[in-house]
Amino acid sequence: MASGWRGILGFDYGIVQAPLGPDISGPELAAAVADAGAIGLLRLPDWPAPDRVRELIRKTRSLTSRPFGAAIVLAFPHEENLRVVLEEKLAVLQVYWGEFPRERVEEAHRAGVKVLHQVGSLEEAAKAKEAGVDGIIVQGREAGGHVIGQEGLFPLLPRVVDLVSDSGIPVIAAGGIVDGRGYVAALALGAQGICLGTRFVATEESFAHPIYKQKLIEMSRTDYTNVFGRARWPDAPQRVLETPFYAGWKSNLSDQETEESQPIIGHSIIHGVDKYIHRFAGTVPNATATGDIGSMAMYAGQGVGLIKEIIPAGEVVKRLVAEAKGVVRERLSDLK
């Protein structure tokens, strides 16, 4: 079980910083995670922006000499952005919400890029295995943000572990994990690593708005909903904080209503592009956001109640490893 923090895919630790949209996991966060020996991931634009992608990659390289990766959402136009990732020969490409067949995986491998595919079901995991990916991230319904599957992490995780047991593909657990106890629990079920999103939003280096970060510390309730971003990304439910705004509207919005008919509540600069934010848009507030911040979507996983402070991303990695080792040493050593 100790192998979980000895590293995966050539990294020091089996810890992945989830890609946080739309641009919350930028160069500063990815570089800080990389410097700590974990896998930092840039969240790339959901539209063709090859120049921006190259800029993000090169800025990150100016901040760290360690390897890092980038993530794309397959449901959006991504070919041009993917081309830049391969040209820049990043260490890792994470893909999500769609299929990435063997020929695409082999294309990445020819560029020296390892592929992590995030899945939410056993069927998706089987396709990722067949494609020959380098790692599978199993996302449970406990996760914050857009959630592709319907199953809880712990029932699904060991089934995926069993599915790929003959392949050598490492399995990484995602959904509601924020501390060393969750890390050890995932390892006990066969995972070789963990992927955390909400815990990394609540760090000094994340590009989240300060009010969003503060809400992650103050609040502990989340809900699984389809209220936000229906027009832009239909049939893509998400887990959000139960803010006063959300609690007041979640039962009062018709199923046909979308953000397109709603008033503008704010403005943001996202990947260098000026964007107006409509009420019920699925855009979380980044550091540039202005307007009614409290009425914007705030993604968070079910483990949010365990987050009590904003700390450096490197400290998150350090604590996860130390806490996990402590759990094994103090609570499990007598079970031999």
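The structure reproduced in this document is the subject of the present report. Keep in mind the model is a prediction, meaning the values are calculated, not measured.

### Here we look at the sheet that holds strand E11 (residues 238-241)
Link 1 in the chain: Overall, antiparallel pairing links the three strands, which are arranged E7-E11-E10 in an open sheet. At either margin of the open sheet sits one strand with a lone partner, and together these are strand E7 (145-146) and strand E10 (222-225).
Link 2 in the chain: In terms of strand pairing, E10 meets E11 through four bridges, oriented antiparallel. Its bridge partner being in E11, Thr 225 is matched across the sheet by Gln 238.

### Some remarks on unusual backbone geometry
Link 1 in the chain: Each neighbour pair has its own omega, and for Gly 21 with Pro 22 the value is -5°, a cis peptide bond.
Link 2 in the chain: Positive phi outside glycine occurs at Trp 97, with the angle close to 65°.
Link 3 in the chain: Locating Trp 97 in the fold gives a position in the loop between strand E4 (92-96) and helix H4 (102-110).
Link 4 in the chain: For Trp 97, a relative accessible area of 15% corresponds to the buried category.
Link 5 in the chain: Even without glycine at this site, Phe 280 takes up a positive phi of about 75°.
Link 6 in the chain: Turning to its location among the elements, Phe 280 is positioned in the loop between strand E13 (273-278) and strand E14 (290-291).

### Description of helix H1 (residues 27-35)
Link 1 in the chain: Judged by how many residues are buried, H1 sits mostly within the fold: seven of nine residues are covered.
Link 2 in the chain: Residues of H1 that are buried: Pro 27, Leu 29, Ala 30, Ala 31, Ala 32, Val 33 and Ala 34.
Link 3 in the chain: Contacts made by the buried residues of H1 are with strand E1 (15-17), strand E2 (41-43), helix H2 (50-63), helix H8 (198-201) and helix H11 (313-332).
Link 4 in the chain: Remark: Gly 37 follows H1 within two positions and exhibits a positive phi of approximately 95°.

### Quick notes on the packing of H1 against H2
Link 1 in the chain: Close contact between H1 and H2 brings their axes to 9 Å; oriented N to C, the two are set at 45°. Relative to H2, the element H1 is oriented oblique. Viewed along their axes, H1 and H2 form a crossing whose handedness is right-handed. Listed contacts from H2 to Pro 27, Glu 28, Ala 30, Ala 31 and Asp 35 of H1 are Leu 56, Lys 59, Thr 60 and Leu 63.
Link 2 in the chain: Class assignment of the residues belonging to the contact of H1 with H2 gives a composition of five nonpolar, one polar and three charged.

### Some remarks on the pattern of salt bridges
Link 1 in the chain: Within this structure, the stated rule accounts for 24 salt bridges.
Link 2 in the chain: Across the pair Arg 58 and Glu 88 runs a salt bridge whose closest N-O atoms are separated by 2.9 Å. Taken together, the positions of Arg 58 in helix H2 and Glu 88 in the loop between helix H3 (79-87) and E4 put the pair 30 residues apart, joining distant regions of the chain.
Link 3 in the chain: Residues Lys 250 and Asp 223 are paired through a salt bridge, measuring 3.8 Å at the closest nitrogen-oxygen approach. A residue pair is termed long-range when its members are at least 10 positions apart, and Lys 250 in the loop between helix H10 (244-249) and strand E12 (264-270) and Asp 223 in strand E10 qualify at 27 residues.
Link 4 in the chain: Judged by its relative accessible area of 33%, Lys 250 falls in the partly exposed class.
Link 5 in the chain: Among the charged side chains, a salt-bridge network with shared partners connects Arg 54, Arg 58, Arg 61, Arg 83, Glu 87 and Glu 88.

### A word on the nonpolar core
Link 1 in the chain: With 105 residues, the main nonpolar core has Ile 15, Ile 136, Leu 157 and Phe 200 as its most contacted residues.
Link 2 in the chain: When residues of this core are assigned to their parent elements, the largest contribution, seven residues, is made by H11.
Link 3 in the chain: Residues in contact with Ile 136, not counting those within four places in the same chain, are His 117, Val 119, Ala 125, Ala 128, Lys 129, Val 160, Val 164, Ile 169, Pro 170, Val 171 and Ile 172.
Link 4 in the chain: The next biggest cluster of nonpolar side chains, apart from the first, holds six residues, and it includes Val 73, Phe 76, Trp 97 and Ala 236.

Calculation notes
- Every chain begins its residue count from 1, and numbering advances along the sequence as written.
- Residues qualify for local features only when their pLDDT is at least 70, as the model is predicted, and side-chain atom pairs are given and counted only at 80 or more; totals for whole chains, interfaces and linings, by contrast, use all residues.
- Heavy atoms from the whole structure form the basis of all side-chain values; hydrogens and water molecules are not counted.
- Pairing between strands requires that DSSP locate at least two bridges from one strand to the other.
- Under the scheme used here, helices are H or I runs from DSSP no shorter than 4 residues and strands are E runs no shorter than 2 residues, and both carry numbers assigned from the N terminus.
- Think of it in three bands: residues with accessible area under 20% of the maximum for their type are buried, residues over 50% are exposed, and the middle band is partly exposed, with areas taken using a 1.4 Å probe on protein chains only.
- In this description, contact between two residues means that some pair of their heavy atoms is separated by no more than 4.5 Å.
- To get an axis, a line is fitted to the C-alpha atoms, and for a helix only the part in contact is used. The angle between two axes follows their N-to-C directions and goes from 0 to 180 degrees.
- Each angle gets one of four labels, with under 35 degrees taken as roughly parallel, over 145 as roughly antiparallel, 65 to 115 as roughly perpendicular, and the rest as oblique.
- Crossing handedness is defined as follows: a turn of the near helix away from the far one that is anticlockwise and smaller than a right angle gives a left-handed crossing, while the clockwise case is right-handed.
- Here the nonpolar group is Ala, Val, Leu, Ile, Met, Phe, Trp, Tyr, Cys and Pro; Asp, Glu, Lys and Arg are the charged ones; every other residue, Gly included, is treated as polar.
- Salt bridge, as used here, is a side-chain nitrogen of Lys or Arg placed within 4 Å of a carboxyl oxygen of Asp or Glu.
- Residue types Ala, Val, Leu, Ile, Met, Phe, Trp, Tyr and Cys, when buried and joined through side-chain atoms within 4.5 Å, form a set referred to as a nonpolar core.

Taken by themselves, the reported measurements are silent on function.
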